[in-house]
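Breakdown of the fold
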Amino acid sequence: MSPRALFVVLLPLVLITLSPAAGASDRPALRVAVVPYLTTSVLLKLFEPIRAHLEGELKRPVELYTAPDIRTHVRRIQKPDFDAVITAAHMGRLAQLDAGYVPVAGFESPLKGIITVHKESAIRDISELKGKTLSVNDRLLLVSIVTLQDLRNRGLRFEDVRFVSSVTQNSSLLSVARGDVDAAITAIFTLNQIPEAQRQDIRTIYTTDRLPNVMFLANPRLSAAERDAMRRALTGFGRTPAGEQFFATSGYNGIVPLDDAYMKTIDIYIPETRRILASGG
């Protein structure tokens, strides 16, 4: 990680930023909220190339903000307080419906939820999870919502497993690698965000169908021209050396524009998302 990286805790926000890029204008910084599905240090390293690319293309400073947990992030983006948002698809749809954020672009690679166990585990099928410990970052995550529904459809009830909360998805995977828990639910691309040594100690026993992936949304107060510039910058990112490297190592495949038809396909997940938020479950 670059020694220029700074971690500044601004309660109740966590700011992730670097020094402004050379040539950045004196325009106010573009404040971007990022869903905290990984630890802050990993999140910074992952999204820094996109931050730097946006800063260079938009000719203004770009600052990335994250929250201490998923629930706080969702509550914050249900108000149009940030200039832009990088968040999970169902959370992005909520931000659009509740705060008027405008969809700009999204990662095109299909998101999938996975259940992993230690490579030496005797568990071979999800039916064998009964009575076992299952690490879940947050039930509000789309991969958690869908994977847990899949488990219920296979006859495994919530009370059949012992849930263990984790701070982030990569910490869930590391808990599996260390043998602290029997299994974990995460997104498939988070496997790329843990060290290779630990990744080799993990085996996948279940994978969901394709799900909508992480997306970028802009505050409605940004002009159409500003949103279009952001869209061009994001969709062109993959044609840069930094973008090629990002997609080679991140588990994402590219960034594509989003339209209203795509956003409406996410509505099937909104009732359960709102129920979990309301219940605190």
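Just so it is clear, the model here is predicted, and its values are computed rather than measured. (Residues numbered from 1 in each chain as written. Predicted model: local features only at pLDDT ≥ 70, side-chain atom pairs only at ≥ 80, totals over all residues. Heavy atoms only, no water.)

Let's talk about the overall build of the chain
When its secondary structure is counted, the chain shows 10 helices and 13 strands. The C-alpha radius of gyration of the chain comes to 19 Å, within 12% of the 19 Å expected for a compact globule of 281 residues. Along the longest, intermediate and shortest principal axes, the C-alpha atoms of the chain span 60 × 40 × 35 Å. Burial analysis of the chain (281 residues in total) assigns 53% to the buried set. Here the contacts in the chain between residues at least 6 apart in sequence split such that 80% fall between residues at least 24 apart. Across the chain, the centroid of the 34 positively charged side chains sits 2 Å from that of the 29 negatively charged ones. (Helix = DSSP H or I, 4+ residues; strand = E, 2+ residues; numbered from the N terminus. Rg over C-alpha atoms; globule rule 2.2 N^0.38 Å. Buried < 20%, exposed > 50% of the residue type's maximum accessible area, 1.4 Å probe, protein only. Contact = heavy atoms within 4.5 Å. Lys, Arg positive; Asp, Glu negative; His and termini not counted. Charge placed at Lys NZ, Arg CZ, Asp CG, Glu CD.)

Considering the sheet that holds strand S11 (residues 202–207)
As summarised here, the arrangement of the five strands in space is S9-S8-S10-S7-S11, forming an open sheet in which the pairing is mixed. The sheet terminates laterally at strand S9 (162–165) and S11, the two strands that pair on one side only. Taken pair by pair, the neighbouring strands of this sheet meet at an average axis angle of 30 degrees, ignoring direction. Relative to S9, strand S8 (residues 133–136) runs parallel, the two being bridged by four bridges. Counted as the bridge partner of valine 136 is serine 165 from S9. The strands touched by helix H4 (residues 142–153) within the sheet are strand S7 (113–118), S8, S9, strand S10 (183–187) and S11, with S10 carrying the most contacts at an inclination of about 130 degrees. Packed onto the sheet, helix H5 (residues 169–178) meets S7, S8, S10 and S11 and runs at close to 150 degrees relative to S10. (Pairing = 2+ DSSP bridges. Axes fitted to C-alpha atoms, helices over the stretch in contact; angles between N-to-C directions.)

With respect to the pairing of strand S6 (residues 102–107)
Most of S6 is tucked away, with five of its six residues classed as buried. Sheet topology note: the S6/strand S12 (residues 215–218) ladder contains four bridges and is antiparallel. Bridge pairing in S12 links glycine 106 to methionine 215. Relative to strand S13 (residues 255–257), S6 runs antiparallel, the two sharing three bridges. Within the sheet, the bridge partner assigned to phenylalanine 107 lies in S13 and is isoleucine 255.

A word on the confidence of the model for the chain
Should pLDDT be low for a region, the predicted coordinates there are not to be read in detail. Across the chain, the average pLDDT comes to 90, with 91% of residues at or above 70. Contacts from residues 1–12, a stretch scored under 50 in pLDDT, to residues over four places away or in other chains number 21 contacts. For the stretch residues 18–22, pLDDT sits under 50, and the model shows 11 contacts to residues farther than four places along the chain or on other chains. (pLDDT = per-residue confidence, 0-100.)

Overview of the packing of helix H3 (residues 89–99) against helix H10 (residues 270–279)
Where H3 meets H10, the closest approach of the two axes is 10 Å, and the angle between their N-to-C directions is 85 degrees. As the angle between them shows, H3 and H10 are arranged roughly perpendicular. Of H10, the residues touching H3 (which contributes His90, Arg93, Leu94, Leu97 and Asp98) are Ile270, Thr273, Arg274 and Leu277. When its residues are assigned to classes, the contact of H3 with H10 shows four nonpolar, two polar and three charged. (Parallel < 35°, antiparallel > 145°, perpendicular 65-115°, else oblique. Nonpolar A, V, L, I, M, F, W, Y, C, P; charged D, E, K, R; others polar.)

Quick notes on empty space enclosed by the protein
Within this structure, the stated rule accounts for four cavities of 30 Å³ or more. Computed from the structure, the largest cavity encloses a volume of approximately 120 Å³. Taken together, 14 residues line the largest cavity, and the ones lying closest to its centre are Ala88, Leu111, Leu141, Gln169 and Val214. Residue classes in the lining of the largest cavity are distributed as 12 nonpolar, two polar and no charged. (1 Å grid on protein atoms, 1.4 Å probe; cavity = no way out; pocket = protein on both sides within 12 Å on 5 of 7 lines; lining within 4 Å. Points joined across faces, edges and corners; volume = space filled by probe spheres on them.)

As for the pattern of salt bridges
Should the charged atoms of two oppositely charged side chains come close, the side chains can pair. Taken as a whole, this structure holds 16 salt bridges when the rule is applied. Between arginine 221 and aspartate 83 there is a salt bridge, with the nearest N and O atoms lying 3.2 Å from each other. With arginine 221 in the loop between S12 and helix H7 (224–236) and aspartate 83 in the loop between helix H2 (70–77) and strand S5 (84–87), this residue pair connects regions lying 138 residues apart in the sequence. Two residues, arginine 231 and aspartate 228, come together in a salt bridge whose shortest N-O distance is 2.8 Å. Note that arginine 231 and aspartate 228 are positioned in helix H7 at a spacing of three residues, about one turn of the helix. (Salt bridge = Lys/Arg side-chain N within 4 Å of Asp/Glu carboxyl O.)

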